[in-house]
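# Tertiary structure, described
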Amino acid sequence: MTQTKPQPKKLYIKTYGCQMNVYDSERMSEALGGTGYEEVSSPDEADMILLNTCHIREKAAEKVYSELGRFKGLKAENPNLKIGVAGCVAQAEGEEIMRRQPLVDLVVGPQAYHRLPEMEARLSNGAKVLDTDMPEEDKFEQLKARPKAKRGPTAFLTVQEGCDKFCAFCVVPYTRGAEASRPVARVLDEARDLVERGVREITLLGQNVNAYHGAGPDGEYSLARLIWALNEIDGLERIRFTTSHPNDMSDDLIEAHGQCEKLMPYLHLPVQSGSDRILKRMNRSHTRDSYLRLIERIRAARPDILISGDFIVGFPEESDQDFADTMDLIRQVGYGQAFSFKYSTRPGTPAAERKEQVPSDVADARLYELQALITQQQRARQDAMVGQTVGVLFEKPGRLPGQMVGKSDHLHAVHVSDCDAQPGDLRQVTIVDSGANSLSGVLI
Ligand code: SAH
Ligand code: SF4
Ligand code: F3S
């Protein structure tokens, strides 16, 4: 009698939020791969659905509940379907999710993903599982080695998790726990493994990635020291990192931006506001001036660096003058890229207690004005690339025949026609045109 291989079970993961969730979803998929699951792109055929959620802004939980409600029909068709909620809403809401939505079989917080295979076994026996512990053990060390499958030219690699900064508006310290760094050897092993599988560019991730302080073979490593160690890996062409906090921008990291060949000239350095009064109320523990001086020092080390940022408008008590100060800071810095948000009250954070909320229409108008300025700066920075020759790491074919698309050193999308480059090739490209959201260029 011939034995047939068991059919793989199908896993559908939907990812919300930041890049750390993207990385975590990959790792969850790999962990469940070991228990016979294969990832699929639609919930319709799935045996397990995981929503990897984000809690950063208002209505996050509501969106998750409405998404879950849509799976009712699928569960009726397939009673063996398992539905799980992971990520920051899972951590924040915990058991409440199962109470409110009985369709849910599994609630798993970000620090417990390494226990997924064992949870899956319990789910298969018909149990419901809740795990939002933040254990001492390091989930990354417990997660199995990544499978050897070939992958695309770019990858995320989480090196640091959690946050001890407690900005007054933010849920991350509560959903991701205290700052923790992965040991250097583990990061280097994972990076080498990714490179063997075809990766050419690695983006190091952390909620405060520049607060990295991992144990190394010869003492503690700062992020800069880790970057220098990664710089030695043959076949790795580019290194990036995100997200950084202004207070952790150490001298050695600034210097690395000037000297480390593989470290790309792009820095995401959120400031949130340009008003000292508001920065203080946000508990940001840096000032407008210290931020501006920092940008000057970074630009002195690497003049062409592209600065990116995050802004919140309408934080409680933000006056017209405070907002004008933010606009002024943006003009002084000149951002190549930025994300901006209307303040949303997050239950449990200190700012949620503040009475002096800014009226919604005022915040809307400020957001509109700020985004118009950022768009203008982004476009100016992109247009200024025309005529320059930059490195482009090609990722995939474009929409037109013979066209390839990649990212420049400064993270601009670049289209090249009649292009013989393959995904993973790093080539020099002269930029000839700047469109709404991307550049076009020719190979040299
Ligand atoms: N650790 C990173 C990113 C945190 S979340 C950092 O400190 O920069 C990403 C962004 O979401 C923040 O930079 C902030 O601009 C925004 N954000 C966080 N909480 C928010 C809230 N309650 N309302 C609006 N925007 C928020
Ligand atoms: Fe949130 Fe502030 Fe920590 Fe960033 S630094 S994750 S905004 S608390
Ligand atoms: Fe969101 Fe959690 Fe990331 S709240 S931004 S998914 S750390």
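On a predicted model such as this, the values are computed, not experimentally measured, just so you know.

### Here we look at the environment of proline 397
Mapped onto the elements, proline 397 comes out in strand β17 (residues 389-397). Residue proline 397 is classed as exposed on the basis of its relative accessible area, which comes to 56%. For proline 397 and isoleucine 227, which are 170 residues apart along the polypeptide, the C-alpha to C-alpha distance reads 30 Å.

### Focus on the packing of aromatic side chains
In the structure shown here, the tally under the stated rule is 4 aromatic pairs. Taking 6.3 Å as the distance between ring centres and 80° as the angle between the ring planes, the aromatic pair formed by phenylalanine 169 and phenylalanine 315 counts as edge-to-face. On the criterion of sequence distance, the pair formed by phenylalanine 169 in the loop between β8 (160-161) and α8 (172-175) and phenylalanine 315 in the loop between β15 (306-313) and α14 (320-333) is long-range, its members being 146 residues apart. Look at phenylalanine 169 and you get buried, because its relative accessible area is 11%. Overall, phenylalanine 315 belongs to the buried group, its relative accessible area being 0%. Linked through ring pairs, Phe169, Phe315 and Tyr343 together constitute an aromatic cluster. Taking NZ or CZ as reference, arginine 100 lies 3.8 Å from the ring centre of tyrosine 65, over its face. A cation sits over an aromatic face here: arginine 225 above tyrosine 221, 3.9 Å from the ring centre.

### Some points on the UniProt feature "binding site: [4Fe-4S] cluster 1" (unreviewed entry) in the protein
With numbering aligned to this structure, UniProt lists the feature "binding site: [4Fe-4S] cluster 1" (unreviewed entry) at Cys18, Cys54 and Cys88. In three dimensions, the annotated residues from a span of 71 residues occupy one location, with a maximal C-alpha spread of 10.5 Å. For cysteine 18, the position within the fold is in the loop between β1 (9-15) and α1 (19-33). Cysteine 18 sits in the partly exposed class, given a relative accessible area of 35%. Residue cysteine 88 is classed as buried on the basis of its relative accessible area, which comes to 9%. Every residue in contact with cysteine 88, bar those within four places of it in the chain, is listed here: Thr53, Cys54, His55, Pro110, Thr175 and Arg176.

The rules behind these values
- Throughout, a residue's number is its position along its own chain's written sequence, starting from 1.
- Going through the entries in the order they are written, you letter the chains from A and number the ligands from 1.
- Given that this is a predicted model, residues contribute local features only at a pLDDT of at least 70 and side-chain atom pairs are listed and counted only at 80 or more, while totals for whole chains, interfaces and linings are drawn from all residues.
- With hydrogens and water excluded, all non-hydrogen atoms of the structure serve as input to the side-chain values.
- Comment: elements are numbered from the N terminus, with helices defined as DSSP H or I runs of at least four residues and strands as E runs of at least two.
- For every residue, the accessible area obtained with a 1.4 Å probe (protein chains only) is divided by the maximum for its type, and the residue is called buried under 20%, exposed over 50%, and partly exposed between those limits.
- Ring geometry is summarised as follows: Phe, Tyr and Trp rings, the Trp one being its six-membered ring, pair when their centres sit within 6.5 Å, and such pairs are stacked at plane angles under 30 degrees, edge-to-face over 60 and tilted between the two.
- Both a distance and an angle decide whether a charge sits over a ring: NZ of Lys or CZ of Arg must be within 6 Å of the ring centre and within 35 degrees of the ring normal.
- UniProt positions are given in the numbering used here, feature names are shortened, and annotations may be inferred rather than shown by experiment.
- Whether two residues are in contact is decided by their heavy atoms: any pair within 4.5 Å suffices.

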